[in-house]
Amino acid sequence: MTLHISSSLLTRRRPLHRRPTLRHLLAALPVLLAMLLGVVFGAASPAAALTATGVGFGHRSATDGRWLGSWAFDDGTVGFCINLDLPIPPGHSYEHVDGESLGWFTPEDAARLAYLSRNWGASQDADEAAAGQLATWMITGLNGQTPERIAARAGAAAGRVLARANEMLAAADGPGGASRGANASVHLDRGDDGYDLVRTELAVDSISSGITTLPPGTHAATVTLEGASFEDGEVVKELDNGEAHRIIPSADGAVVSFSASASYGELPYGSGLTIALSQDHVQSVLVARPISAAAEAVADRTRPTPLPFQPVVVTTTSHAMAVPGTEIVDHLSVGIATGTGLASEWGVVGPDGGPYTPIAATVRSQLLGPFGEAPVESPETPIGAPVVCEVVTTIDQGPGDYTTPSCVLPESGYYVWVERIEPSDTAPEDGGGMILPWRSAFGVDSETTLAEEPAKPMIAEPRLAETGTDEATMITLAIASATALALGVLLLALRGRVFPAVRQPSGLNPRRARGRAGRGRRRATALPGSR
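Everything numeric here is computed off the predicted structure, so don't read it as measured data.

Calculation rules
Residues numbered from 1 in each chain as written. Predicted model: local features only at pLDDT ≥ 70, side-chain atom pairs only at ≥ 80, totals over all residues. Heavy atoms only, no water. Salt bridge = Lys/Arg side-chain N within 4 Å of Asp/Glu carboxyl O. Buried < 20%, exposed > 50% of the residue type's maximum accessible area, 1.4 Å probe, protein only. Helix = DSSP H or I, 4+ residues; strand = E, 2+ residues; numbered from the N terminus. Expected span 1.5 Å × (residues − 1). Polar contact = N/O pair within 3.5 Å; in protein donor to acceptor, adjacent residues only side chain to side chain. Axes fitted to C-alpha atoms, helices over the stretch in contact; angles between N-to-C directions. Parallel < 35°, antiparallel > 145°, perpendicular 65-115°, else oblique. Left-handed = near helix turned anticlockwise from the far one by under 90°. Contact = heavy atoms within 4.5 Å. Nonpolar A, V, L, I, M, F, W, Y, C, P; charged D, E, K, R; others polar. Pairing = 2+ DSSP bridges. pLDDT = per-residue confidence, 0-100. Disulfide = S-S within 2.5 Å. Core = buried A, V, L, I, M, F, W, Y, C linked by side-chain atoms within 4.5 Å. Phe/Tyr/Trp six-rings, centres within 6.5 Å; stacked < 30°, edge-to-face > 60°. Lys NZ or Arg CZ within 6 Å of the ring centre and 35° of its normal.

Caption draft 1: Molecular detail of the pattern of salt bridges. In total, this model carries 21 salt bridges according to the counting rule given. The partner of Glu 201 in a salt bridge is Arg 199, and the shortest N-O contact between them spans 2.7 Å. Residue Glu 201 is classed as buried on the basis of its relative accessible area, which comes to 15%. Linking Arg 364 and Glu 390 is a salt bridge whose minimum nitrogen-to-oxygen distance equals 3.8 Å. With Arg 364 in strand E22 (residues 361-371) and Glu 390 in strand E23 (residues 387-395), this residue pair connects regions lying 26 residues apart in the sequence. Classification of Arg 364 as partly exposed rests on a relative accessible area of 26%. Residue classification places Glu 390 among the partly exposed residues on the basis of a relative accessible area of 39%.

Pasting the structure below:
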């Protein structure tokens, strides 16, 4: 639609040769806005308007021609009159309005009228349509008449119509009947296996019994997960109310956050009404439209992950070698293994939202031995292996370094540590179900200790002379003798060169010296018979 604005609005009572001032433009602005709004809403109003065309379904009185039943509109809808004291609808213009906005009814009566409209407002059965109209007036007002007198308009069907109207009102006031509304809720409950279960519930505020949770499987909701998925990997699923389904968190940290939202649509509950209202002084009509209530809910959680964690321990004995009687310990380096379906961090326990503490695990250590030979590494501990002692270490701070209590080596031999972690050592409420078992191998080198008595000092023992020699010894001795003889000769020769003949002492008396010399040269005497 094109909006034409006459220039006279801007130039009225002003000379043609002068331009309008800002003051005059502002003065004309409300007029322009009013025209624009008139165009917009004027174009929209015909689309919202409807006209009552005549009767719908029901009975007409054979005596006075009065109608008992539904009325029809040109948009194809039908409905029941509300104001018995006003003229009938045909030929008048109407528009749809929200019944709650009118404030005409109590919450309970609005719930009853909505119940009649949903269930019988569009009925094409003459008796049922007539009964629905009578039941509507029995709620909104009979204008001084009795139900029996109004039912008489149905002629021969009057009894059936009256009885059916009473049944409709009884159904509205009974279990599962009229309701003020419906509310949804989402529950995220931790299952026995540690994983969360998502469940939706639907409660109806019935005028007969108040807020009542509906039986499982009554309605289906669209459930959407964030931060988690269903077991088949989907994050959106249609679930019946009251049914629990297992979900898996998307993250693998020690603490996870996730949420679930549920949406129920087209629920046959509540007091929603559509009223066809006319500006003329005629009856308003309770329009039979599929007014459906909706209910939505969201729940979220921040809590310890349900994923299990796998402890891993690297162990090293305090002594690779020792003497019997030594106290030894085992050093534990505690961590976790990661992988599909496992938490990437050590598990924690605590209420939703925290605070959290590490799950305590117990390492049971056994010192086995003594063995006569070094143990050979194997995955399993030999059956019947002797146990020296068993000690327990509590892993209460998560991954890190720990030391076992000590054990004493009783005697010489090889000893080896073995360790294990059992989930049953931790109570379920303390996170025992989150721990996966672990067991060390047997005979690991870093876990083995050799215990030996200290060595005694060596004392030299006297050796007896050997009485016999062999050929090699004889040769050795001969070589040694020859070498010694040669050295002796060499020394004598050197002595003669180094030390000359000794002279007589110079202080001797010459006479005595000559006497001694004479005595030294005696003549040889031959014995008789020597020649």
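Having seen the model, we can carry on.
Caption draft 2: Molecular detail of helix H5 (residues 126-140). Its 15 residues place the ends of H5 21 Å apart at the C-alpha level, agreeing with the 21 Å of an ideal helix rising 1.5 Å per residue. For H5, the set of buried residues is Asp 127, Ala 129, Ala 130, Ala 131, Gly 132, Gln 133, Leu 134, Ala 135, Thr 136, Trp 137 and Ile 139. Between the side-chain oxygen of the N-cap and the backbone nitrogen of Asp 127 there are 3.2 Å, and the N-cap of H5 in question is Asp 125. Just downstream of H5, Gly 141 is the residue with a positive phi angle, here 130 degrees.

Caption draft 3: Layout of the packing of H5 against helix H7 (residues 158-173). For the pair H5 and H7, the least separation of the axes is 8 Å and the interaxial angle reads 60 degrees. Taken together, the axes of H5 and H7 lie oblique to each other. Judged by the twist between their axes, the crossing of H5 over H7 is right-handed. Contacts from Asp 127, Glu 128, Ala 130, Ala 131, Gly 132, Leu 134, Ala 135, Met 138 and Ile 139 in H5 reach Arg 160, Val 161, Leu 162, Arg 164, Ala 165, Asn 166, Met 168 and Leu 169 in H7. Tallied by class, the residues present in the contact of H5 with H7 amount to 11 nonpolar, 2 polar and 4 charged.

Caption draft 4: View of the sheet that holds strand E14 (residues 285-287). Strand order in the closed barrel formed by 6 strands is E1-E2-E3-E14-E13-E4, and the pairing between neighbours is antiparallel. Taken over all neighbouring pairs, the strand axes of this sheet differ in orientation by 45 degrees on average, direction set aside. Taken together, the 6 bridges between strand E1 (residues 49-60) and strand E2 (residues 67-73) define a ladder with antiparallel strand orientation. Paired with His 59 across the bridge in E2 is Leu 68.

Caption draft 5: Region of interest: the packing of helix H4 (residues 107-120) against H7. At a minimum axis separation of 10 Å, H4 and H7 run at an interaxial angle of 120 degrees. In terms of their interaxial angle, H4 and H7 are classed as oblique. Regarding H4 and H7, the two cross each other, and that crossing is right-handed. Mapping the contact onto sequence places Arg 112, Tyr 115, Leu 116 and Trp 120 in H4 and Arg 164, Met 168, Leu 169, Ala 171, Ala 172 and Asp 173 in H7.

Caption draft 6: Seen up close, the confidence of the model for the protein. Confidence in the prediction of the protein, expressed as mean pLDDT, is 84, and 77% of residues score 70 or more. Residue range residues 1-47 is modelled with pLDDT below 50. Its contacts to residues more than four positions away, or to other chains, number 15 contacts. Below pLDDT 50 for its whole length, residues 498-531 participates in 1 contact with residues either more than four positions away or in separate chains.

Caption draft 7: Molecular detail of the state of the cysteines. Applying the stated criterion to the full structure yields 1 disulfide. Between the sulfur atoms of Cys 389 and its disulfide partner Cys 407 the distance amounts to 1.6 Å. Between Cys 389 and Cys 407 the sulfur-sulfur dihedral comes to about 105 degrees; the bridge is accordingly right-handed. Pair noted here: Cys 389 is in strand E23 and Cys 407 is in strand E25 (residues 407-408), with a separation of 18 residues, a long-range link. For Cys 389, a relative accessible area of 19% puts it in the buried group.

Caption draft 8: The nonpolar core, seen in detail. Counting 45 residues, the largest nonpolar core has Tyr 94 and Val 161 as the members making the most contacts within it. Here the element with the most residues in this core is H4; it accounts for 7 residues. Grouped together as the second largest cluster of nonpolar side chains are 26 residues, Phe 230, Val 256, Ala 262 and Ala 299 included.

Caption draft 9: Geometry of the packing of aromatic side chains. Per the stated rule, a full pass over the model turns up 6 aromatic pairs. Aromatic pair Phe 73 and Tyr 94: ring centres 5.3 Å apart, planes at 85 degrees, arrangement edge-to-face. Placement of the pair is Phe 73 in strand E2 and Tyr 94 in strand E4 (residues 93-98), with a sequence separation of 21 residues. Given a relative accessible area of 2%, Tyr 94 falls into the buried group. Between Phe 371 and Phe 442, the aromatic rings sit 6.0 Å apart at their centres with planes inclined by 80 degrees, giving edge-to-face as the arrangement. A residue pair is termed long-range when its members are at least 10 positions apart, and Phe 371 in strand E22 and Phe 442 in the loop between strand E27 (438-439) and strand E28 (448-451) qualify at 71 residues. As far as the burial class goes, Phe 371 and Phe 442 line up, both buried. The ring of Phe 230 carries Lys 237 above its face, with NZ or CZ at 5.5 Å from the centroid.

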